[in-house]
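Fold and contact review
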Amino acid sequence: MGIGATRLVERIAAISHNLEETPVLFEPCESVENGGVLFLVPFLYEQGLFEYKNHYNAIRKGYYDINFIILLLAFMYLSRIKNAEQLKHYKPGELGKIMGVDRVPEGKCLRKKVKEILSQHQAESWMNSMAKHWVEKEQTNIYYIVGHVQVYHGYKANLGRKHVAREKLCLPGMCEFWVNNADGMPYIVVTGEVNEKLQEMILTEIVPRLKENIAIKIKQQELDADKDLPLFSLVFDREGSSGKFLKTLWEEHRVAAITYKKNVRDNWEEYRFCTHYVEVEGNKTEMDLAEQIIEIEGMAMREIRKKSEGGHQTSIITTNKKISTIYIAIKMFSRWNQENYFRYMRLDYDIDKLFQYTVEQLDDNIMVVNPQYSRLSYHLKTLREKISRREAGLFKLIDDNIYSTLDKNNFQKQSKLKEEINEFKEKEKQLITQRNQLNYKIKIKDMPLQNRYNKLHSESKLFLNIIKMICYRAESAFVLLLSTDYKKKENEARAFVKNIMKTKVDILPDYESNTLTIALYSLATPRDNKAAKKLCQLLNETETFYPGTTLRLLYKIASG
């Protein structure tokens, strides 16, 4: 039954499948490691962790039920236990004290239970439901779309190569497309099948899902009365910056877009810029902005320029005609919040970690870029670079020869370079001929069997991503409560929250008065203790019950 298993009667009942639910029974405990994670329970409720009940049924009877498993996963991620394998480095009895059981399951048992949950295939339904709840609560009408490559280092799957900006390499992996709000709070994530680009995923997956299931509905009367009113707006980077694409979004879906403009070579006159004073994340700053109407693909769009102190002009284009110039600039430059989100999630939540390494087959009729075509294109690119370098060297030698006396070595070098250039150009013609005989795109079934693309199991990744999103949102809600105590909320306040979750607590149940007191040990500084004491008062006002029990949570400082 495992080290630390003391509730033998209940465990024997679970073995014979006679136990209905996990018996949560707290005992008085002192100095419980990672006990501060219990301070996040009210925030997990608020962010909808237990809304899974609307989508998942109970799993097979055993000692650990579905409610326990999902709460355990949330506590693990909040405690920075990033996967099931890491559980073996933590005392199962200590974690059990936090959850009101004798011990938590081992990694193998946890995986087995999660697989039972995953077999119901409800992750996408749960995610859409949570996203709709968050959008309505936050009244969001501007969505940020960011692509994120999850690099794969295994051997079971044959995945297409994608450019990974943080690695500056092309590596095999899956591309996830995240939809967040301006503060970096996540809503949904959509995984590409093979090598889908941002524009394709927005049109085929993200916009339909937002329109049908998630975005706030606008009455048809309002849309008819104002022809410039969009259903919602999307913000994305230069990868999606195409006049034709922006026009399609508006004309086919009535969705506005805000993005950077590509290939800007001109500069606007200085007098056109006006200084605007704005507040970004509590810091007052100024922006020099200018705007004009331009026409792209026969459609009128707005172009906004921001001038930096050094004189560089950053160009933004948008099809949204309803919001102000300064608001567009603020929203566009808020894209950095998405990058900060990914960095935080990679470091603290190991968001790229896979739970299952099983492989799924793709539809044989999916069209993909022909790998042989790509390989020949790469060789052509390399060959043309060699030709360009040699032509540059040849021009320099010719130029040197004009302004200097005749040099025998100069002529020999010119002759050698001309021979190499002619040789490379002949190879270039051969490669072009070979490439012209191939189709740019082919069906997966037409690929060689050993190189045929497949994909990693996505249900488990999506399920765990939802729990990680909820945990991140719970942390962020915690941080908001500390905004008056910590001015630099993204640094100091988050460090304070992580410090609380690692701090030891005393757990004091009182079954006569149905309360569960969590006494937090003293923190490092008087300011932290003052903030923690204030936090206890606020949390006690929520009158939160520990999940699955009638025990009301009471928070206090152990020394108080």
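Below, the structure is looked at part by part.

Conventions adopted
All residue numbers refer to positions counted from 1 along the written sequence of the respective chain. Local features in this predicted model are restricted to residues of pLDDT 70 or higher, and side-chain atom pairs are both shown and tallied only at a pLDDT of 80 or more, whereas totals for entire chains, interfaces and linings draw on every residue. Only hydrogens and water are removed before side-chain values are computed, so all heavy atoms of the structure are retained for them. Think of it in three bands: residues with accessible area under 20% of the maximum for their type are buried, residues over 50% are exposed, and the middle band is partly exposed, with areas taken using a 1.4 Å probe on protein chains only. Only runs of H or I of at least four residues qualify as helices and only runs of E of at least two qualify as strands under DSSP, and these elements are numbered from the N terminus. The arc in question is the one traced by the directions running from the helix axis out to the C-beta atoms. We call two residues contacting when some pair of their heavy atoms lies within 4.5 Å. Just to be clear on terms, a salt bridge is a Lys or Arg side-chain nitrogen sitting within 4 Å of an Asp or Glu carboxyl oxygen. Angles run from 0 to 180 degrees between N-to-C directions of axes, and those axes are lines fitted to C-alpha atoms, restricted for helices to the stretch in contact. Here the angle decides the label: under 35 degrees means roughly parallel, over 145 means roughly antiparallel, 65 to 115 means roughly perpendicular, and every other value means oblique. By definition, turning the near helix anticlockwise from the far helix through less than a right angle yields a left-handed crossing, and turning it clockwise yields a right-handed one. Only strands that DSSP links by at least two bridges are regarded as paired with each other. N or O atoms within 3.5 Å of each other form a polar contact, as long as, within protein, one can give a hydrogen and the other can take it, and as long as residues adjacent in sequence are counted only when both atoms are side-chain atoms. Patches were defined on residues exceeding 30% relative accessible area and lacking a salt bridge, with like-charge contacts within 9 Å and nonpolar side-chain contacts (Val, Leu, Ile, Met, Phe, Trp, Tyr) within 5 Å. For the accessible areas, the method is Shrake-Rupley and the probe is 1.4 Å, while residue cover comes only from the protein chains on display. Classification of ring pairs uses Phe, Tyr and Trp, with its six-membered ring standing for Trp, and accepts pairs whose centres are within 6.5 Å; under 30 degrees between planes counts as stacked, over 60 as edge-to-face, and the remaining range as tilted. When the NZ atom of lysine or the CZ atom of arginine is within 6 Å of a ring's centre and also within 35 degrees of its normal, the charge is said to sit over that ring.

1. Notes on helix α10 (residues 325-333)
Within the span of α10, buried status applies to T325, I328, A329, K331 and M332. Angular distribution of buried residues about the axis of α10 spans 165°; they occupy a single face of the element. Here the buried face of α10 lies against β2 (142-151), β6 (233-235), β7 (256-260), β9 (283-296), β10 (299-307) and β11 (313-318).

2. Comments concerning the pattern of salt bridges
When their charged atoms lie close together, side chains carrying opposite charge are able to pair. Summed over all chains, the structure comprises 29 salt bridges. Of the charged contacts in the structure, one is a salt bridge between R335 and D237, with a shortest N-O distance of 3.8 Å. Pair noted here: R335 is in the loop between α10 and α11 (336-349) and D237 is in the loop between β6 and α9 (243-253), with a separation of 98 residues, a long-range link. Residue R335 is classed as buried on the basis of its relative accessible area of 11%. The class of D237 is partly exposed, set by a relative accessible area of 26%. For R390, the salt bridge is made with E420, and the minimal N-O distance between the two is 2.7 Å. Note that R390 is positioned in helix α12 (residues 371-402) and E420 in helix α13 (residues 408-436), a separation of 30 residues in sequence. R390 sits in the partly exposed class, given a relative accessible area of 22%. The exposure class of E420 is partly exposed, given its relative accessible area of 22%. The network of salt bridges with shared partners includes R80, D348, E475, R494 and K498.

3. So, the packing of helix α7 (residues 198-214) against α9
In contact at an axis separation of 12 Å, α7 and α9 are set at 25° when each is read in the N-to-C sense. In terms of orientation, α7 and α9 fall into the roughly parallel class. You can see that α7 and α9 cross each other, and the crossing is right-handed. For the pair α7 and α9, contact is made by Q199, I202, L203, V207 and K211 and by F245, T248, L249, E252 and H253, respectively.

4. Focus: the sheet that holds strand β16 (residues 505-510)
Ordered in space as β1-β16-β17-β18, the 4 strands form an open sheet in which the pairing is mixed. The sheet is open, and its two edges are formed by β1 (29-32) and β18 (552-557), each paired on a single side. Within the sheet, the average angular offset between the axes of one strand and its neighbour, ignoring direction, is 20°. Inspection of the sheet shows β1 paired to β16 by 2 bridges, in the antiparallel sense. Looking at the pairing, V32 lines up with V505 of β16. Here helix α4 (residues 92-99) sits on the sheet and contacts β1 and β16; the angle it forms with β1, its principal contact strand, is near 120°.

5. Some details on the side chain of E475
As for its placement among the helices and strands, E475 is situated in helix α14 (residues 459-481). Separated by 2.3 Å, the side chains of E475 and Y349 make a polar contact. Sequence-distant contacts of E475, that is, excluding residues within four places in its chain, are made with L40, L78, R80, Y344, Y349, R494, V497, K498 and M501.

6. A short note on a nonpolar patch on the surface
A surface patch of nonpolar side chains, about 310 Å² in accessible area, is lined by F395, I398 and I402. Looking at where F395 falls in the secondary structure, it is placed in helix α12. A residue is classified by how much of its surface remains accessible, and F395, at 54% relative accessible area, is exposed.

7. Notes on the packing of aromatic side chains
As enumerated under the stated definition, the model contains 21 aromatic pairs in all. When the centroid spacing of 5.0 Å and the interplanar angle of 15° are considered together, the rings of F43 and F478 count as stacked. Note that F43 is positioned in helix α2 (residues 41-46) and F478 in helix α14, a separation of 435 residues in sequence. In textbook terms, an aromatic cluster arises when at least three aromatic residues are bridged by ring pairs, as seen for W178, Y341, F342, Y344, Y349 and Y472. In this structure, K306 packs its charged tip against the face of F333, placed 5.7 Å from the ring centre. Above the face of the Y344 ring, R494 is positioned so that its terminal group lies 5.1 Å from the ring centre.

8. Some details on the pairing of β10
Counting buried residues in β10 gives 7 out of 9 residues, a clear majority hidden from the surface. As paired elements, β9 and β10 share 9 bridges and run antiparallel to each other. Counterpart to A290 in the pairing with β10 is R305. The loop that links β9 with its antiparallel partner β10 comprises 2 residues; one of these, E297, has a positive phi angle of about 55°. For β10 and β11, the ladder comprises 6 bridges, and the chain directions are antiparallel. Residue pairing across strands places R305 opposite S315, the latter belonging to β11. Turn length for the β10-β11 hairpin, with the two strands adjacent in sequence and antiparallel, is 5 residues, and the turn residue G311 shows positive phi of about 100°.

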